[in-house]
Amino acid sequence: MIRILIIFFLFSSTVFASAQMRLELSSSVIQQGSLIDAVIRLDAASVQKVELQKLKGISLADTVYLYQVSPLIRSGDSFEAEAKIIFLKVPESKPVIHKTESHEISINWSDVEVQPTEAPEKFLFGQFEVPGPLRVIEILIGLLALGLIVFGILKFQKKNKTKKLLRLKRAELKEKTISAQSYTDVVQLWQKKALLIKEFPHLVDPIKELEKVLFKYQFKQNQSETEKAEVMKAYREFINQIQGGFNGI
């Protein structure tokens, strides 16, 4: 009879004893509500009672939140798993006891200072309130203002790009206007008369003077070298007349 009681006592002690969980933390000072790395250690007896993966996403004893946990691996006489945890509050003491349907888990951890955060505890882990109507209006106004700013920036960039392309186009046209090297170049320049006058209004009268000489020979079947030279002389006079009007281009 005594032997039966002893066996029953030993059996009861094994079954009803709390499982032991140890947290080895990566830092000696942590902030309440921050995500930190830890190693979870369980002895051989506790690993039979604790289904570690089922504890993921649960607040243990309203103190430690198990955010992420790897599979257990054997390490000597114990088992361990890498984890990421959050202290939901500053613990008053340790260990803390977490109760499941079938067991109690005694949770202890390495020496650490948990510094309290200024934020209300209800905001530390996803318990957020829906903003009221006034707050919604403020958010919408902020988004609208941001949208207008972005629109203004894009419009400015587009306008600036257009101006830059226009300046480049006018600079290229100016270069062609003042760089004719032959009679053929002068004829080709005259063929752009409408564009030249549109972009550079100060060319109206000088082009008319150039035309007077050009028209003497342009429509002949062939031009002599003397005639071409006379056109080039008129072109050089044309250049002398227009140079100052290109300032700022």
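Figured I'd write up the structure that's included with this text. (Residues numbered from 1 in each chain as written. Predicted model: local features only at pLDDT ≥ 70, side-chain atom pairs only at ≥ 80, totals over all residues. Heavy atoms only, no water.)

Let us now look at the packing of aromatic side chains. The tally for this structure, following the rule as stated, stands at 4 aromatic pairs. Judged by centre distance (5.4 Å) and plane angle (80°), the rings of phenylalanine 87 and tryptophan 109 are edge-to-face. Remark: tryptophan 109 occurs in strand E9 (residues 104-109) and phenylalanine 87 occurs in strand E7 (residues 78-87); sequence separation between them is 22 residues. When its relative accessible area of 1% is taken as the criterion, phenylalanine 87 is described as buried. (Phe/Tyr/Trp six-rings, centres within 6.5 Å; stacked < 30°, edge-to-face > 60°. Helix = DSSP H or I, 4+ residues; strand = E, 2+ residues; numbered from the N terminus. Buried < 20%, exposed > 50% of the residue type's maximum accessible area, 1.4 Å probe, protein only.)

With that settled, the discussion passes to the environment of asparagine 240. Locating asparagine 240 in the fold gives a position in helix H7 (residues 225-242). Here asparagine 240 falls in the exposed class, since its relative accessible area comes to 62%. Between the alpha carbons of asparagine 240 and isoleucine 178 there is a distance of 9.7 Å; along the sequence they are 62 residues apart.

Of all hydrophobic cores here, the largest spans 28 residues; its most connected members are Met21, Leu23, Ile40, Leu52, Ile85 and Phe87. Once you skip the residues sitting within four places of it in the chain, phenylalanine 87 turns out to touch Leu25, Ile30, Gln32, Gly33, Ser34, Ile36, Thr63, Val64, Trp109 and Val114. Counting residues in hydrophobic clusters, the runner-up holds 21 residues, among them Tyr183, Leu189, Ile207 and Ala234. (Core = buried A, V, L, I, M, F, W, Y, C linked by side-chain atoms within 4.5 Å. Contact = heavy atoms within 4.5 Å.)

Bringing the pattern of salt bridges into the picture now. Between side chains of opposite charge, a pair can form as their charged atoms come close. Per the stated rule, a full pass over the model turns up 11 salt bridges. We note a salt bridge from lysine 84 to aspartate 37, for which the minimum N-O separation is 2.7 Å. Of the two residues, lysine 84 sits in strand E7 while aspartate 37 sits in strand E3 (residues 35-43), which places them 47 residues apart along the sequence. For aspartate 37, a relative accessible area of 40% corresponds to the partly exposed category. (Salt bridge = Lys/Arg side-chain N within 4 Å of Asp/Glu carboxyl O.)

Turning our attention to a positive patch on the surface. Taken together, the side chains of Lys155, Lys159, Lys163, Lys164 and Arg167 present a region of like positive charge at the surface. Among the structural elements, lysine 164 can be located in helix H3 (residues 133-177). Under the relative-accessibility criterion, lysine 164 is labelled exposed at 57%. (Patch = residues over 30% accessible without salt bridge, like charges linked within 9 Å, V, L, I, M, F, W, Y side chains within 5 Å. Areas by Shrake-Rupley, 256 points an atom, 1.4 Å probe, with all protein chains shown as cover. Lys, Arg positive; Asp, Glu negative; His and termini not counted. Charge placed at Lys NZ, Arg CZ, Asp CG, Glu CD.)

With that out of the way, let us pick up the packing of helix H6 (residues 204-217) against H7. Packed helices, taken two at a time, are described by the angle their axes make and the gap between the axes. Contact geometry for H6 and H7: axes closest at 9 Å, N-to-C directions at 180°. The angle between the axes of H6 and H7 places the two elements in the roughly antiparallel class. Residues Pro206, Ile207, Leu210, Val213, Leu214, Lys216 and Tyr217 of H6 lie in contact with H7, whose contacting residues are Glu227, Glu230, Val231, Ala234, Tyr235, Phe238, Gln241 and Ile242. Split into classes, the residues belonging to the contact of H6 with H7 amount to 11 nonpolar, 1 polar and 3 charged. (Axes fitted to C-alpha atoms, helices over the stretch in contact; angles between N-to-C directions. Parallel < 35°, antiparallel > 145°, perpendicular 65-115°, else oblique. Nonpolar A, V, L, I, M, F, W, Y, C, P; charged D, E, K, R; others polar.)

Moving on to the packing of helix H4 (residues 183-191) against H6. For the pair H4 and H6, interaxial distance at closest approach is 12 Å and the crossing angle is 115°. When you trace H4 past H6, the crossing you get is left-handed. Mapping the contact onto sequence places Tyr183, Val186, Val187 and Trp190 in H4 and Leu210, Glu211, Leu214, Phe215 and Tyr217 in H6. (Left-handed = near helix turned anticlockwise from the far one by under 90°.)

A word on unusual backbone geometry. The omega angle of the peptide bond from lysine 94 to proline 95 is 0°, so this bond is cis rather than trans. Its location among the elements puts proline 95 in the loop between E7 and strand E8 (96-99). Even without glycine at this site, alanine 61 takes up a positive phi of about 55°. By the element assignment, alanine 61 lies in the loop between strand E4 (59-60) and strand E5 (64-69). Of note, aspartate 62 is a non-glycine position whose phi angle comes to about 55°, a positive value. Note that aspartate 62 resides in the loop between E4 and E5.

Topologically, glutamate 199 is positioned in helix H5 (residues 193-199). Residue class for glutamate 199 comes out buried when judged on its relative accessible area of 13%. In this structure glutamate 199 touches Leu166, Lys169, Arg170 and Leu173, once residues within four positions along its chain are discounted.

What follows concerns a nonpolar patch on the surface. A surface patch of nonpolar side chains, about 620 Å² in accessible area, is lined by Val136, Ile139, Leu140, Leu143, Leu146, Val150 and Leu154. Note that leucine 143 resides in helix H3. Leucine 143 gets classed as exposed once you look at its relative accessible area, which sits at 53%.

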